[in-house]
Amino acid sequence: MKMVIAVVQDKDSNRLSNALITAGFRSTKLATTGGFLKSGNSTFLIGIEDDRVSEVLQVIRSNCKVRDQLVTPVSPMGGTTDSYVPFPVEVQVGGATVFVLPVERFEHF
Ligand code: 2BA
């Protein structure tokens, strides 16, 4: 058994949640926050048999889009900010950041 952990954008989370149900996968959705953008994203925990991992990955891949997002860097800590001009920079977010972990034991009571 594997645990698939997928960090996705909030904009994709409802579609992904519905697609997982339709495809017969069980999942848990957590409200999370990206460490870099400090904005909300969603993390799915999907426990799945080894032979269905690629199916799950395909559902995730086809329901999560890559998007460009503008970020304005915060002003530098300490020192002078006189010369600091906060230019927005564009980062590419998603479609999904996925980890596949082995599950040592699974119990469902
Ligand atoms: P955030 O940390 O908010 O990152 C959002 C996007 O900002 C990233 O998109 C990436 O394009 C950019 N980014 C992140 N850290 C950066 C840095 N140090 N310098 C420049 N740009 C940076 P994604 O790579 O698609 O990641 C989307 C979200 O997935 C992340 O949101 C984070 O919540 C999660 N994530 C990504 N990699 C991870 C990892 N290795 N471990 C845990 N969570 C991760």
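Residues numbered from 1 in each chain as written. Predicted model: local features only at pLDDT ≥ 70, side-chain atom pairs only at ≥ 80, totals over all residues. Heavy atoms only, no water.

> Could you clarify how one ought to interpret the site of the ligand in this entry?
Around the ligand, the neighbouring residues are Val7, Gly34, Gly35, Phe36, Leu37, Asn41, Val91, Gln92, Val93, Gly94, Thr97 and Phe99. Between the ligand and Asn41, the relevant distance is 3.0 Å, taken from an oxygen atom to a side-chain nitrogen or oxygen of the residue. In the model, an oxygen atom of the ligand is placed 2.7 Å from a nitrogen or oxygen of the Gly94 main chain. Protein contacts shield 52% of the accessible area of the ligand, which totals 750 Å² for the unbound molecule. Only strand E5 (89-93) and strand E6 (96-102) provide two or more residues apiece to the shell around the ligand. If you tally residues by element for the shell around the ligand, the top one is E5, at three residues. The class makeup of the residues in the shell around the ligand is six nonpolar, six polar and no charged. (Near = heavy atom within 4 Å. Polar contact = N/O pair within 3.5 Å; in protein donor to acceptor, adjacent residues only side chain to side chain. Areas by Shrake-Rupley, 256 points an atom, 1.4 Å probe, with all protein chains shown as cover. Helix = DSSP H or I, 4+ residues; strand = E, 2+ residues; numbered from the N terminus. Nonpolar A, V, L, I, M, F, W, Y, C, P; charged D, E, K, R; others polar.)

> Please clarify how the pairing of strand E3 (residues 40-48) should be interpreted in this entry.
The side chains of a regular strand alternate, first on one face of the sheet and then on the other. Where strand E1 (residues 2-9) and E3 come together, eight bridges link them in antiparallel fashion. Paired with Met3 across the two strands is Gly47, which belongs to E3. Relative to E3, strand E2 (residues 28-33) is paired through six bridges, and the arrangement is antiparallel. By the bridge assignment for E3, Ala31 is matched with Ser42. As consecutive antiparallel partners, E2 and E3 are separated by six residues, and within that stretch Lys38 has a phi angle of approximately 55°, a positive value. (Pairing = 2+ DSSP bridges.)

> Just to check I follow, could you spell out the pattern of salt bridges for this structure?
One pass over the structure, following the stated rule, counts five salt bridges. A cluster of three or more residues bridged by salt bridges with shared partners is formed by Asp12, Arg15 and Arg67. (Salt bridge = Lys/Arg side-chain N within 4 Å of Asp/Glu carboxyl O.)

> It is not clear to me how the nonpolar core should be interpreted in this structure. Could you clarify?
Within soluble globular proteins, side chains that are nonpolar generally end up buried alongside one another. Of all hydrophobic cores here, the largest spans 15 residues; its most connected members are Leu16, Leu20, Phe25, Phe44, Ile46, Val56 and Ile60. At the level of secondary structure, the elements contributing two or more residues to this core comprise E1, helix H1 (10-22), E3 and helix H2 (53-63). Here the element with the most residues in this core is H2; it accounts for four residues. Those residues within four positions of Phe25 in sequence are excluded, and the remaining contacts are Leu20, Ile46, Ile48, Arg52, Glu55, Val56 and Val59. (Core = buried A, V, L, I, M, F, W, Y, C linked by side-chain atoms within 4.5 Å. Buried < 20%, exposed > 50% of the residue type's maximum accessible area, 1.4 Å probe, protein only. Contact = heavy atoms within 4.5 Å.)

> Would you mind showing me how to read the environment of Lys29 here?
The residue Lys29 is located in strand E2 in this model. Along the backbone, Lys29 and Val100 are 71 residues apart, and their C-alpha atoms lie at a distance of 16 Å. Excluding anything up to four places from it in sequence, Lys29 contacts Ser13, Asn14, Ser42, Thr43 and Phe44. A polar contact of 3.5 Å, which involves the side chain of Lys29, links it to the side chain of Ser13.

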